[in-house]
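Coordinates in review
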Amino acid sequence: MNKRARVLLLNAALGPLDYRVDPGQHVEPGSIVLAPLGPRQLAGVVWEPERMGSDAEVGDNRLRPLAAVYDLPPLAAPLRRLIEWTADYYLAPPAAVLRMALASASALDGAPTIVEYRATGHVPPRLTPQREQALERIDKRQGLVRELATIADVSDAVIRGLVKAGAIGPIEVRVDDPFPLPDPDHAHPALSEAQADAVGTLVAAVEAKSFAPWLLDGVTGSGKTEVYFEAIAAALRADRQTLVLLPEIALTEPFLKRFAARFGVAPVAWHSDLRQSQRRRAWRAIASGEAKVVVGARSALFLPYRQLGLIVIDEAHETSFKQEEGVAYHARDTAVMRARFEEVPIILATATPAIETRHQVALGHYSELTLPDRFGGATLPDIAAVDLTHDRPDRGRWLSPPLVAALAETLERGEQSLLFLNRRGYAPLTLCRHCGHRFQCPNCTAWMVEHRLTARLACHHCGHVMPPPRACPECKEEDSLVPCGPGVERIADEVAAILPEARTAIVTSDTLWSPAKTAEFVGRMESGEIDIVIGTQLVTKGYHFPNLTLVGVVDADLGLSGGDLRAAERSFQQIAQVAGRAGRGEKPGRVLVQTYEPAAPVIRALISGDRESFYAAETEARRMANAPPFGRFAGIIVSSENLDEAVATARSIGKAAPHVDGMEVYGPAPAPLAMLRGRHRQRLLVHARRSLDVQDVIRAWLGPLEWPRGVRVAVDVDPYSF
Ligand code: ADP
Ligand code: ZN
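Conventions and cut-offs
Residues numbered from 1 in each chain as written. Chains lettered and ligands numbered in written order. Predicted model: local features only at pLDDT ≥ 70, side-chain atom pairs only at ≥ 80, totals over all residues. UniProt positions renumbered as here; feature names shortened; annotations may be inferred. Helix = DSSP H or I, 4+ residues; strand = E, 2+ residues; numbered from the N terminus. Rg over C-alpha atoms; globule rule 2.2 N^0.38 Å. Contact = placed C-beta atoms within 7 Å. Near = placed C-beta within 6 Å. Nonpolar A, V, L, I, M, F, W, Y, C, P; charged D, E, K, R; others polar. Pairing = 2+ DSSP bridges. Axes fitted to C-alpha atoms, helices over the stretch in contact; angles between N-to-C directions.

Under an unreviewed UniProt entry, the name given to the protein chain is Replication restart protein PriA, and the source organism is Sphingomonas natans. Regarding the protein chain, the UniProt comment filed under Sequence similarities (unreviewed entry) reads as follows: "Belongs to the helicase family. PriA subfamily." Looking at the protein chain in UniProt, the text filed under Function (unreviewed entry) is "Initiates the restart of stalled replication forks, which reloads the replicative helicase on sites other than the origin of replication. Recognizes and binds to abandoned replication forks and remodels them to uncover a helicase loading site. Promotes assembly of the primosome at these replication forks."

Describing the overall build of the protein chain
Summing up its helical and strand segments, the protein chain has 19 helices and 30 strands in all. Radius of gyration (C-alpha) of the protein chain: 27 Å, near the 27 Å computed for a compact globule of 722 residues. Summarising its shape, the C-alpha atoms of the protein chain cover approximately 85 × 70 × 65 Å along the three principal directions. Within the protein chain, residue pairs in contact and separated by at least 24 positions form 74% of the contacts whose partners lie at least 6 positions apart.

Section: the UniProt feature "domain: Helicase ATP-binding" (unreviewed entry) in the protein chain
With numbering matched to this structure, UniProt assigns "domain: Helicase ATP-binding" (unreviewed entry) to residues 205-371. Helix makes up 38% of residues 205-371 and strand 22%, with an end-to-end C-alpha separation of 18 Å.

Notes on the site of ligand 1
Taken together, 15 residues are adjacent to ligand 1, and Pro-189, Gly-223, Lys-224, Thr-225 and Glu-226 come closest. Ranked by the residues each element gives to the shell around ligand 1, the list is headed by helix H7 (residues 224-237), at three residues. Looking at the shell around ligand 1, its residues break down into four nonpolar, nine polar and two charged.

Considerations on the sheet that holds strand S28 (residues 663-676)
The strands making up a sheet associate through hydrogen bonds between their backbones, and the pairing can be parallel or antiparallel. The strand order across the open sheet formed by four strands is S28-S29-S27-S30, and the pairing between neighbours is antiparallel. The open sheet has two edge strands with one neighbour each: S28 and strand S30 (712-717). Pairwise comparison of adjacent strand axes, ignoring direction, gives a mean angle of 20 degrees for this sheet. Bridging between S28 and strand S29 (residues 679-689) involves eight bridges; their strand directions are antiparallel. What sits directly across from Leu-676, in S29, is Arg-679. Where helix H18 (residues 643-655) meets the sheet, its contacts fall on strand S27 (631-640), S28 and S29, and the angle it forms with S29 comes to roughly 20 degrees.

Structure (structure tokens):
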């Protein structure tokens, strides 16, 4: 009799299927295989049949054989449990979660080399603007044709044209080169007493090799990174792997440098911008255990670590750990589950913990370590509010007289300033003064944002762009279009007008679009070639510029608008974070926060430095509203290209809602982004008491329902957008 294997295929539409295992093929739970499905062959993973039901029970004689078993380590049981848990908790197809573990299978192909392309230095005789842009953006980078096209923001045809013209040429890349080993004894920092205490505890936790969640709560500049580096050193000495999750790719570059200073070599980086060859090489090294320390954005969480010893989440309060598309999971919470399954400690490092995390500490589920002071005697910056109802900026300007004066003084002293405004581009909205027409994205409920640096209007949700309009498309009036409100580019213009001698830099994802650009920015800051940085949240974390002594928050009220239940918390975290960039060296720092509401609790807490009473009030407000972490929410998002269809389906799902004690269903109503990428979105919001198994209720509710083909129904458990 032939053996059978149940395989979870990398195809989100299907559950697991059974296959025949031929003699000579060795499989076990976790084995990565290639299996036929219709005319195609798909990668998949062997699962224990008792843990996952099959979509189609097939008799032994009708089973199709496995096409191949990959010569790769099987996915270990803790990772398989994590995939099951994530699919269960977030109501996602297991195959979609598996896709994250296999990195979309790009890692599986067996060839030892891959052909990539890079610029040859030869300039083609016909240099169109597109070709010029491509060559400038590609610079010294390499990749597949498609990857280079993405980097350069041009079509594949442009790249292929450049290959033909000899300006870009092929090179062979080895994909199985080993990674160098970090050395736990490369450099030893002298720790402060508070640091040494925390390190002692965490090293013991790593050595204990058991599940233990730690909140490492330390003010900005207290040396949290140095502390968890010692925990990583302990994991290295125990020959175990460490995963470090960062909230953003942009933070990877500075992290790599710091890590290399402590451990001699850079860790393995994992993020969505890796080339296919890098992705494959990293995946294999992670699976073999050769990659000892991996740093990445949230997608690194599902990789097949062979022997994990520690997980670290830096800036653990960041909302970017919540994934909104595809599998809607929270990487912080899911990482805690992974640590539990792997039986390893996890460190959540932050200066402004999430209310949810503090609640876990209060319940005794997580332990807490605190670093109350900045390292090396640096003091926390002095924070003051600028009341914009009194200190008004000039007409059409956004910087108030006190902030302008502070910028001038700082410049005079030869020190650096940072102006923070969380808005890319020049102006968030363009308006026709004559007829009132506003430029909106055709695919999304969003304004088109003017970008002067790149001379276009862009939608920040779907990427739709249009050239800057000359006339109003509605009333045909010329010279009637006005930009409304400021983005960082406009603030930079204002600084140039007020302080023409200041050397400025705009820092957003538009200007720091590559590691090289980031490195260049850091270099120019360190060598003092920049006086004033105007930036979005991209500059608020991770950087350490000792000569930066002034931070100006251009619009502290921005984050407080809108009905988001986390608005106050998020504002507090963001402003505390950006304030933390000031005065990190020997010179004291100063922070000016522009606001129309200086009496708002968030602003008062920031100025008085009374974090605890802010947290207490905020936690109490959540308790009263039965909001997380006390009650819980789940969104059911119904989307379709056809508005009527979306509304009708959402209504019929709403009508079928079960009556459950301790649960209410609101809506349907337009979702927070009522239209996104051409799809109309309606939302039902489920509000339930914490003890209710809301996933079970939703499964039983949606399970028997059907909807038209063009409609998608997705569940967002513990949503972040309201
Ligand atoms: P945080 O992550 O808490 O904001 P960092 O880890 O970035 O703080 O530390 C702030 C600064 O202090 C960094 O420049 C870091 O290199 C320095 N620092 C922290 N601890 C030590 C130490 N034990 N020895 C030397 N420098 C340290
Ligand atoms: Zn759009």
